[in-house]
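Understanding the architecture of this molecule
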Amino acid sequence: MLMSLLAYLALAIFLAGFAWKIFQYARSPAPLLIPTTPAPLTKIGVAWRLFTEVAFFNSLFKGNKWTWLFGYAFHAALVLVLLRHVRYFADMPHWFAEVQIFGVIAGIVMVGALGMLLIRRFWVARTRYISSPADYLMLMLLLAIGGTGLLMKFAFRPDIVSIKEAMVGWVTLRGFQTPGDVLFAVHFALVLVLLAIFPFSKLMHLGGLFFSPSRNQTDTPREHRHVNPWAAP
Amino acid sequence: MANHDVPEVKEDIETPELHEGATAHLAIFPAQEKHMVPLGFPGARVENWQQAGVDKLKDLLEKYRSLQVYLDICVKCGSCTDKCHYFLGTGDPNNMPVQRAELMRSVYRRYFTPSGKFFPQLVNARDFDEETLKKWVTYFHQCSQCRRCSVFCPYGIDTAEITMAAREIMDAIGVGHKYSQEIIGKVHTIGNNLGIPKPALNGTLRFMEDEILDATGQEVRLPVDVKGAEVLMVAPSADFFSAPHVESLMGYAKVFHAAGVSYSFSSIASEAANFGMFIGSYEQKRKIASRIAEQARELGVKRIVVGECGHAWRVAYSFWNTLVGPFDTLDPRYPVPQHICEFTNDLYKRGGLTFDKETNDDKVVTFHDSCNVARASRMGDTPGGQFTIPRDLIRATCNHYADMDADTIHEKTFCCGGGGGLLTDELMDLRIKGMLPRVTALKQVMKHDKVNFLALICAICKAQFSKVLPYYDIPMDTVGGVHQLVNNAIVLGKNKGVV
Ligand code: SF4
Ligand code: SF4
């Protein structure tokens, strides 16, 4: 009962908070054109620039190869892991079970990459200097989520049927009985924590990137007059 | 030369160890009442400065998407930590871009985020107190707003935007930097940064006409306030008086002469620089830019051409149209504004100019991409024209050219160390150290390619390099403008009438 209440609370905070932040970014004005040049001249060009940032972490690659490697491995693996989890929330076609193996491998890669990111953060004097407790806790939280997930896969298998029933109940807002498995409860609770802090943390880079003026503007100040919405007429 | 601690130049650019507080002692000269009040800022630190500062931050968060997004989404990946020339030169951790931004981000968290309100220790949130302000004053005047960090950030976080906002907040509570405020005052009262009044401007231009006449036998004119001229030429005021800047100015004049394009300087808009950008003030940027728009209308010109000045080109290219546009009295066939390199290169390509490259045969040239031109503007029709056009022009005027290391040119170029309102004597130590990465790359090509001339298109770069290079045992006359090369190579009396 308590778990399901918290689960709805976390989900609500996540959805409302995320929506609020996106609304805030979208609403805030961009008075001047400040793309980091060379920048695209067309909207399509901008879409491509953002795509390369999202799909390949282009700028990070230019900046630091190790961080790129670990960061990219983590994010790519996370996507696969999340996809794999879809089957706990909805009925999936038969082939989905066949490709689960990729998700499982990704889970291992994800935890490994997180570990390397943590070590790097601590190891390199510069990143150690810029890190606050929250930066370490965030990595540890993700590691704990990944770790409990892997444990359930490889060591202490919980009852998937009851878990799936609960998760479907959760996301369809019909309420659910918390499955009795302890490992699952920990895994799930940590995910709820992650959801609840998401909109108020640096995890908002997920949405924020698309609003970064240095990346999402065309370089066309001479061709089209850009109007500052708050300038005195 | 005064005694300064000059860092050792290694074979390659190296990331230094962290030296806590290495440049904490560098203090700016504070602006006084007489500098602040005329610009609409409080004359001294206001009584309730903490609250006033936080209020101003709130105001800016609502006005600038860049600030709101950049303060939120940094993941502390560290990609930017070794990219700032001031960090590479000093090792001061507060000169790592992310850590510089953290000075503001920690205040933002404290007052504007739930985590900072309830768990300040956990997320490193700080009150806007005396100690924080002191760090702001120090380290937000150790950023030249060069945007190099933004190139390598996965989200394009541009610390320059944060520095601008910080300076704007400080001005709002009466804590200003004398250098920039004083110069902006001169622009408003006299018309240019150097404070050159019209008679002196006229005098120096007539003197230059005589010089050119003596040297070439050609009557090349440098006219002021001529109504009906085709082009309004807006140069940084250093071009009128400083060495090596004047050589470029003579280059511009000869280009107009050779091509038969009528032009004029303006005694009122006798300054391309716009220090409104350095202090982050939209209103000052607009006011300073509006002099030029008004003069263009007043003189009835058809085009505006901007001289060799990096940040001025950013403001002119990227911001003018927004600040003081549209320029609907000008000829729509030309972009507004045009960079002098675009103008000259275009004329040359269409056969309107003749260059004798051999006049520059004593030189092996390399080109320093100025940060504001490289990362905040464009030349020509295609992205990256800001890299190719000046180089094309150099190659058209010289036989010997070599680029510096690929990691130090184009969008990855290093700042000269004196941009962003830091070209002031009290920051000499920082200016010397901030030049280290650029000097390292320069020394490489001096050694391997026998480079002996550093071509520039920025008035601040020219002043900074000619003053600081001697500390690194490189003679100051190694430095000059791209149009200085044009000035040497251009053959007068050959072409006429190509517009
Ligand atoms: S804008 Fe330039 S000077 Fe400022 S922090 Fe970034 S790299 Fe350093
Ligand atoms: S590169 Fe960007 S995200 Fe990474 S630490 Fe620097 S500012 Fe933050």
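Criteria and cut-off values
Along every chain, residues carry numbers that run from 1 in the direction the sequence is written. Chains carry letters and ligands carry numbers; both start at the beginning, A for chains and 1 for ligands, and go up in the order they are written. pLDDT decides what is reported in this predicted model: residues at 70 or higher carry local features, side-chain atom pairs at 80 or more are listed and counted, and totals for whole chains, interfaces and linings draw on all residues regardless. Values reported for side chains reflect all heavy atoms of the structure, with hydrogen atoms and water molecules removed beforehand. Every helix listed is a DSSP run of H or I at least four residues long, and every strand listed is a run of E at least two residues long, numbered separately from the N terminus. Buried means the residue's accessible area, taken with a 1.4 Å probe over protein chains only, is under 20% of the maximum for its type, while exposed means over 50%, and partly exposed covers the values in between. Should any heavy atoms of two residues lie within 4.5 Å, those residues are considered in contact. Accessible areas in this description were obtained via Shrake-Rupley with a 1.4 Å probe; residue shielding takes into account the shown protein chains only. Under this rule, positive means Lys or Arg and negative means Asp or Glu; His and the chain ends count for nothing. Here the site of a charge means NZ on Lys, CZ on Arg, CG on Asp, or CD on Glu. What fixes the domain bounds is an automatic or database domain assignment. As a working definition, buried area equals the accessible area (1.4 Å probe) given up by two parts on being put together, with both sides summed. What counts as a salt bridge is simple: a side-chain nitrogen of Lys or Arg found within 4 Å of a carboxyl oxygen of Asp or Glu. Side-chain atoms alone can form a polar contact between residues adjacent in sequence; in general such a contact is a pair of N or O atoms within 3.5 Å, and within protein one must be able to donate a hydrogen while the other accepts it. The pairing test for Phe, Tyr and Trp rings, Trp by its six-membered ring, is centres within 6.5 Å, and the orientation test on the planes gives stacked under 30 degrees, edge-to-face over 60, and tilted for anything in between. Here, strands pair whenever DSSP counts at least two bridges between them. Note on geometry: axes are lines fitted to C-alpha atoms, helical ones only across the stretch in contact, with angles between N-to-C directions running from 0 to 180 degrees. Only buried residues count toward a nonpolar core, which is a set of Ala, Val, Leu, Ile, Met, Phe, Trp, Tyr and Cys residues joined through side-chain atoms within 4.5 Å. Being near a molecule or strand, for a residue, means having at least one of its heavy atoms within 4 Å of it. In this classification, the charged set is Asp, Glu, Lys and Arg, the nonpolar set is Ala, Val, Leu, Ile, Met, Phe, Trp, Tyr, Cys and Pro, and all remaining amino acids, among them Gly, are polar.

Regarding its fold elements, chain B presents 23 helices and 7 strands. Projected onto its principal axes, the C-alpha positions of chain B cover 75 × 50 × 40 Å. Taken across its 499 residues, chain B has 67% of its residues classed as buried. Partitioning the contacts of chain B with sequence separation of at least 6, the portion at a separation of at least 24 is 80%. For chain B, the computed accessible surface area is about 16800 Å², with 51% contributed by carbon and sulfur atoms. Where the 55 positive side-chain charges of chain B centre and where its 60 negative ones centre are 3 Å apart.

This part covers unusual backbone geometry. Cis peptide bonds are those with omega within 30 degrees of zero, and the linkage from A:Thr37 to A:Pro38 qualifies with 0°. For A:Pro38, the position within the fold is in the loop between helix 1 (2-27) and helix 2 (43-56). The omega torsion across B:Ala243 and B:Pro244 is 5°, close enough to zero to call that bond cis. Its place among the elements puts B:Pro244 in the loop between helix 13 (238-241) and helix 14 (245-259).

Residues and elements named next belong to chain B. Assigned domains within chain B: domain 1 (42-175) and domain 2 (184-489). Relative to domain 2, the C-alpha centre of domain 1 lies at a distance of 31 Å. Contacts between domain 1 and domain 2 engage 22 residues on the former and 28 residues on the latter. Taken together, both faces of the contact between domain 1 and domain 2 bury some 2100 Å²; the carbon and sulfur share is 58%. Considering only the surface of domain 1 that becomes buried against domain 2, Tyr86, Arg147 and Arg148 emerge as the three largest contributors, covering 25% of it. The interface formed by domain 1 and domain 2 holds 0 salt bridges in total. Scanning the region where domain 1 abuts domain 2 turns up 9 residue pairs in polar contact (both at pLDDT 80 or more). If you list the elements that add at least two residues to the side of domain 1 that touches domain 2, you get helix 4 (85-90), helix 9 (148-152) and helix 10 (159-172).

Glancing now at the packing of aromatic side chains. Residues and elements named next belong to chain A. The full count for this structure, using the stated rule, is 31 aromatic pairs over all chains. Geometrically, the ring pair formed by tyrosine 25 and phenylalanine 211 is tilted, given 5.9 Å between the ring centres and 50° between the ring planes. Of the two residues, tyrosine 25 is situated in helix 1 and phenylalanine 211 in the loop between helix 11 (205-208) and helix 12 (213-216); the sequence distance between them amounts to 186 residues. With relative accessibility at 0%, the residue tyrosine 25 sits in the buried group.

All names here are of chain B. Strand order in this open sheet of 4 strands is 2-1-3-4, and the pairing throughout is parallel. Both outer strands of the open sheet, strand 2 (263-264) and strand 4 (338-339), are each paired with one neighbouring strand and no more. Packed onto the sheet, helix 15 (residues 282-299) meets strand 1 (231-234) and strand 3 (303-306) and runs at close to 150° relative to strand 1. Lying over the sheet, helix 16 (residues 310-324) contacts strand 3 and strand 4, oriented at roughly 145° with respect to strand 3.

A few words on the side chain of A:Gln217. Residues and elements named next belong to chain A. Of note, glutamine 217 is situated in the segment after helix 12. Separated by 2.6 Å, the side chain of glutamine 217 and the backbone nitrogen of isoleucine 34 make a polar contact. Among residues more than four places away in sequence, those in contact with glutamine 217 are Ala30, Leu32, Leu33, Ile34, Pro35, Ala39, Pro40 and Val46.

Residue and element names in this part refer to chain B. One finds Leu67, Met104 and Trp136 to be the most contacted residues of the largest nonpolar core, which totals 219 residues. Structurally, this core is a two-domain feature, drawing no fewer than three residues from each of domain 1 (42-175) and domain 2 (184-489). Not counting residues up to four positions away in its chain, the partners in contact with methionine 104 are Leu57, Leu67, Leu71, Trp136, Phe140, Ile162, Ala165, Ala166 and Ile169.

With that out of the way, let us pick up the interface of chain B and chain A. Contact residues are listed per partner, giving 77 residues for chain B and 60 residues for chain A. Taking both partners together, chain B and chain A bury about 5400 Å²; carbon and sulfur atoms supply 57% of that area. Area buried by chain B at its contact with chain A is led by B:Arg65, B:Lys76 and B:Thr322, which between them contribute 13% of it. Connecting chain B to chain A are 7 salt bridges. Among the salt bridges present, the one from A:Arg222 reaches B:Glu342, with a minimum N-O distance of 2.8 Å.

Attention shifts here to the pairing of strand 1 of chain B. Residue and element names in this part refer to chain B. Burial along strand 1 is two-sided: Val231 and Met233 and Leu232 and Val234, pointing in opposite directions, are all buried. In this structure, strand 1 lies alongside strand 2, joined through 2 bridges in parallel fashion. Bridging across to strand 2, valine 231 finds its partner in tyrosine 263. Strand direction decides the pairing type here: strand 1 and strand 3, joined by 4 bridges, are parallel. Bridge pairing in strand 3 links valine 231 to arginine 303.

Another aspect to go through is the environment of B:His85. Residue and element names in this part refer to chain B. Relative to the helices and strands, histidine 85 is located in helix 4. Residue classification places histidine 85 among the buried positions, given a relative accessible area of 1%. As for histidine 85 and methionine 164, which are separated by 79 residues in sequence, their C-alpha atoms are 18 Å apart. Within the structure, histidine 85 has its side chain in polar contact with the side chain of serine 144 (distance 3.2 Å).

Moving on, we get to helix 3 (residues 65-73) of chain B. Three or four residues apart is the spacing at which side chains of an α-helix point the same way, because the helix has 3.6 residues per turn. Buried residues dominate helix 3 of chain B, accounting for 9 of its 9 residues. B:Arg65, B:Ser66, B:Leu67, B:Gln68, B:Val69, B:Tyr70, B:Leu71, B:Asp72 and B:Ile73 are the residues of helix 3 of chain B that are buried.

Let us look at the site of ligand 1. Residue and element names in this part refer to chain B. Around ligand 1 there are 14 residues in total, and Cys84, Cys143, Cys146, Arg147 and Cys149 lie nearest to it. Elements with a contribution of two residues or more to the shell around ligand 1: helix 4, helix 5 (97-112), helix 9 and helix 10. Class assignment for the residues of the shell around ligand 1 results in 7 nonpolar, 4 polar and 3 charged.

Turning our attention to the site of ligand 2. Taken together, B:Cys74, B:Val75, B:Lys76, B:Cys77, B:Gly78, B:Ser79, B:Cys80, B:Val98, B:Cys153, B:Pro154, B:Tyr155 and B:Ile157 form the complete shell of residues around ligand 2. Residue composition of the shell around ligand 2, by class: 9 nonpolar, 2 polar and 1 charged.

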